[in-house]
Amino acid sequence: MSAEVKFEPLSFDDVKSRLAGPEDKASPRTLVVFAGPELAFGAATKALLAGAADQIARAAAYAKFTGKSGSALEILVPAGLPGASRLLLLGTAAAASDGAQAEKPKTPDTKTPDTKTFDDFLTLGGQTMGKIGAGANALVLFDPPQAPADAGAAAGQFALGAVLRAYKFDQYKTKKKKDDAEREGASEIAFGVANVEAARSALAEAEGLAESVLLARTLVNEPANVLTPYEFARRAKELSALGVEVEVFDEQALADIGMRALLGVGQGSEQESLVVVLRWNGGAAGAQPLAFVGKGVVFDSGGISIKPGASMEDMKGDMAGAAAVVGLMRALASRKAKANVIGVLGLVENMPDAKAQRPGDIVKSLSGQTIEIINTDAEGRLVLADALWYVKEKYKPVFMIDLATLTGAILVALGQEYAGLFSNNDELAERLTKAGEATGEKLWRMPMGPAYDKMVDSRFADMKNTGGRHAGSITAAQFLQRFVDKTPWAHLDIAGTGMSSPAGDINQSWGSGWGVRLLDRLVRDFYEG
Ligand code: BES
Ligand code: MN
Ligand code: ZN
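Residues numbered from 1 in each chain as written. Chains lettered and ligands numbered in written order. Predicted model: local features only at pLDDT ≥ 70, side-chain atom pairs only at ≥ 80, totals over all residues. Heavy atoms only, no water.

### Notes on the coordination of the zinc ion (ligand 3)
Within the protein, the zinc ion (ligand 3) binds to Lys295 (NZ), Asp300 (OD), Asp318 (OD) and Glu379 (OE); these donor distances fall in the range 2.0 to 2.4 Å. Classification of the site at the zinc ion (ligand 3) rests on its 6 donor atoms, whose angles at the metal span 78 to 174°, yielding the label octahedral. Mapped onto the sequence, the residues coordinating the zinc ion (ligand 3) show the spacing K-x4-D-x17-D-x60-E. (Donors = N, O, S within 2.8 Å, 3.2 Å for Na, K, Ca; no water. Tetrahedral: all angles 85-135°; square planar, octahedral: opposite > 155°, others 65-115°.)

Next up, the structure:
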């Protein structure tokens, strides 16, 4: 992993004096400032750019730069700024509305003044990093034209977006482009802020969260010959340095407990199946925990119901749910969240083999319910069934949320914009939806009900592991619901959002680390203190 970013908070006065002197010729400096509607600047920015005002106005007019969010203007050798060779103006004029739900139809050619205050500093940080380029010597003057409600929090979001944007998974490339080689190592961004102390703590928190998202991304990106269940567990154990308790159950232990649905999935693999339990005890002693369960199929060949060859390599990412749970636990520990939280990872490899499980097999799950295997490629629900039942029985949690790259059908329904949300509890579903809106990791609630539940009844066992061609994501969720009893539960199907991600402002990586920010936010906003 390369392109690490470090922020050094500075006062506006320090920014001014750095820019007054000549810059280091070997490492020309980029100065980044923010422009609002009609080229509005913050007061400190305006004062600093006084000598370049005319140049900026002419360049902006020529380039038709008006400060629209998402747009940028580059000016080389800005006047009156001996300390910077390049000036970058980033637009922060909020788009009128970009909500998912109904918006007023826009009448073309009528200019309605933009009154909505810009608040997406996460995206702005990503856009800025994209324009600066990793490894550049940059000074960011964080002085938005419309003062944010909470400047410290805004600075933290900005830094988070920048670090997430800079992440690159390239450790297996032995011949790096010269460009990339130069970008190795940490790039330092001098970060001019109104309140250095507030920024310092916000930056520290942002860094903890960023590292946690990047940990999840790296796990998703790793190939399955490296990231075996054992290696996954080893990396999860590293969280013990942050005060997370980590317990690993091997196949013998899982057999003793009775997790035969989970074990059946790994039966055809040379790699041992493992379950990892992570515990963060930041809440009151004895307070009921929150629980998160991740599907960790390190590779999903489909098993005996083998998948077609096209894109099978993507199935190294079939552990994105477990990766998100590890990332979340790391995030909570790094900010010492005031909650008791359990994370459970079901780590298996789904392979065809003489010993592999077959269609027609019947397995007895930990719950005692029996499952007829119709398709060995519907393996994720088998892993989760035992993990959910185990958590429910052992920890009696406030809620259980599972994350899983569970069905291709969720991609058909929602694409890569929203993850599917299934729940037996309206309050939990609403809170998750709100956390999704706040973080941009969006959820769309899907229906459940008895008619769908019937679709997984089996002729020979209590249930079967597929529900036929229709409503594939929903019948998968119905299957899971049979293992949660009355516990408030939500299932997030992240097959569309966790991997194969499109490049965007805050992510250029195949594995997105989706869910870490969402669930950190859920815990912070609704379950602490
Ligand atoms: N891991 C896959 C789902 C998946 C598909 C994740 C595409 C990411 C991208 C899952 O184990 C699977 O194979 N599901 C089957 C279920 C079917 C056999 C009932 C599917 O979606 O086709
Ligand atoms: Mn599968
Ligand atoms: Zn799978």
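Once you've had a look at it, read on.
### Concerning the sheet that holds strand E12 (residues 370–372)
Across the sheet, which stays open at both edges, the 3 strands sit in the order E11-E12-E16 with mixed pairing between neighbours. Strands at the two margins of the open sheet, each flanked by one partner only, are strand E11 (362–364) and strand E16 (463–464). Here E12 pairs with E16 via 2 bridges, running parallel. Bridge pairing links glutamate 372 to lysine 464 in E16. (Pairing = 2+ DSSP bridges. Helix = DSSP H or I, 4+ residues; strand = E, 2+ residues; numbered from the N terminus.)

### Concerning the coordination of the manganese ion (ligand 2)
Around the manganese ion (ligand 2), the donor atoms from the protein are Asp300 (OD), Asp377 (O), Asp377 (OD) and Glu379 (OE), and they sit 2.1 to 2.2 Å away. Of note is the manganese ion (ligand 2), whose 6 donor atoms meet at the metal with angles of 70 to 167° in an arrangement that counts as irregular. Of note, the manganese ion (ligand 2) draws all its donor residues from one chain, in the sequence arrangement D-x76-D-x1-E. Between the manganese ion (ligand 2) and the zinc ion (ligand 3), a separation of 3.1 Å is found, and both are coordinated by aspartate 300. Residue aspartate 300 is located in strand E9 (residues 290–300), and its partner aspartate 377 is located in the loop between E12 and helix H12 (380–395); the two are separated by 77 residues in the primary sequence. Take aspartate 300: its relative accessible area is 3%, and that puts it in the buried class. (Buried < 20%, exposed > 50% of the residue type's maximum accessible area, 1.4 Å probe, protein only.)

### Side note on the packing of aromatic side chains
Inspection of the entire model under this criterion finds 14 aromatic pairs. Taking the centre distance of 5.4 Å and the plane angle of 40° together, the rings of phenylalanine 142 and phenylalanine 191 count as tilted. Pair noted here: phenylalanine 142 is in the loop between strand E5 (137–141) and helix H5 (151–166) and phenylalanine 191 is in strand E6 (residues 187–193), with a separation of 49 residues, a long-range link. With respect to class, phenylalanine 142 is no different from phenylalanine 191; both count as buried. Members of the aromatic cluster, connected to one another through ring pairs, are Phe7, Phe34, Phe118, Phe121, Phe142, Phe158 and Phe191. (Phe/Tyr/Trp six-rings, centres within 6.5 Å; stacked < 30°, edge-to-face > 60°.)

### Concerning the domain arrangement of the protein chain
Under the domain assignment, the protein chain is made up of domain 1 (5–194) and domain 2 (241–526). Each of domain 1 and domain 2 has a C-alpha centre, and the two are 39 Å apart. Counting residues at the interface gives 11 residues for domain 1 and 10 residues for domain 2. The contact between domain 1 and domain 2 buries some 840 Å² in all, and 56% of this surface belongs to carbon and sulfur atoms. Of all residues in domain 1, Leu122, Leu164 and Arg165 bury the most surface against domain 2, accounting for 45% of the area lost on that side. Taken together, the links from domain 1 to domain 2 amount to 0 salt bridges. (Domains from an automatic or database assignment. Contact = heavy atoms within 4.5 Å. Buried area = accessible area lost by both parts, 1.4 Å probe. Salt bridge = Lys/Arg side-chain N within 4 Å of Asp/Glu carboxyl O.)

### Considering the pairing of E6
Two faces, one strand: in a regular strand the side chains alternate between the faces of the sheet. For E6, a buried count of 6 out of 7 residues is recorded, marking the element as mostly surrounded by other parts of the structure. Where strand E1 (residues 5–11) meets E6, 7 bridges bridge the pair, whose relative direction is parallel. Its bridge partner lying in E6, proline 9 is registered against phenylalanine 191. Alignment of E5 against E6, held across 4 bridges, turns out to be parallel. Along E6, the bridge assignment pairs leucine 139 with alanine 190.

### Thoughts on the side chain of aspartate 314
Note on placement: aspartate 314 falls in the loop between E9 and helix H11 (320–334). Here aspartate 314 occupies a buried position and makes no salt bridge, while the nearest side chain of opposite charge, lysine 316, is found at 7.3 Å. Setting aside anything within four residues of it in sequence, one finds aspartate 314 in contact with Met499, Ser500 and Trp510. (Lys, Arg positive; Asp, Glu negative; His and termini not counted.)

### As for the packing of helix H7 (residues 196–221) against helix H17 (residues 516–526)
It is at 9 Å that the axes of H7 and H17 come closest, and there the two elements cross at 135°. As far as their axial angle goes, H17 and H7 are oblique. Between H7 and H17, the residues in contact are Glu205, Leu209, Ser212, Val213 and Ala216 and Val516, Arg517, Asp520 and Arg524, respectively. Considered class by class, the residues forming the contact of H7 with H17 number 4 nonpolar, 1 polar and 4 charged. (Axes fitted to C-alpha atoms, helices over the stretch in contact; angles between N-to-C directions. Parallel < 35°, antiparallel > 145°, perpendicular 65-115°, else oblique. Nonpolar A, V, L, I, M, F, W, Y, C, P; charged D, E, K, R; others polar.)

### Looking at the environment of lysine 25
Here lysine 25 is to be found in the loop between helix H1 (12–20) and strand E2 (29–35). Sequence spacing of lysine 25 and glycine 156 is 131 residues, and the spatial spacing of their C-alpha atoms is 31 Å.

### Focus on the pairing of strand E17 (residues 489–493)
With 5 of 5 residues buried, E17 lies mostly within the body of the structure. By the bridge criterion, 5 bridges tie strand E13 (residues 400–404) to E17 in an arrangement that is parallel. Residue pairing across strands places alanine 404 opposite aspartate 493, the latter belonging to E17. By the bridge criterion, 4 bridges tie strand E14 (residues 419–423) to E17 in an arrangement that is antiparallel. In the strand pairing of E17, phenylalanine 422 is matched with histidine 491.

### Some details on the site of ligand 1
Lining the immediate surroundings of ligand 1 are 16 residues, of which Lys307, Asp318, Asp377, Glu379 and Gly408 lie closest. A distance of 2.9 Å is found between an oxygen atom of ligand 1 and a side-chain nitrogen or oxygen belonging to aspartate 300. The separation between a nitrogen atom of ligand 1 and a polar main-chain atom of leucine 406 is 3.4 Å. Against a free-state accessible area of 520 Å², the protein chains account for coverage of 78% of ligand 1. Residues of the shell around ligand 1, tallied by class, amount to 4 nonpolar, 5 polar and 7 charged. (Near = heavy atom within 4 Å. Polar contact = N/O pair within 3.5 Å; in protein donor to acceptor, adjacent residues only side chain to side chain. Areas by Shrake-Rupley, 256 points an atom, 1.4 Å probe, with all protein chains shown as cover.)

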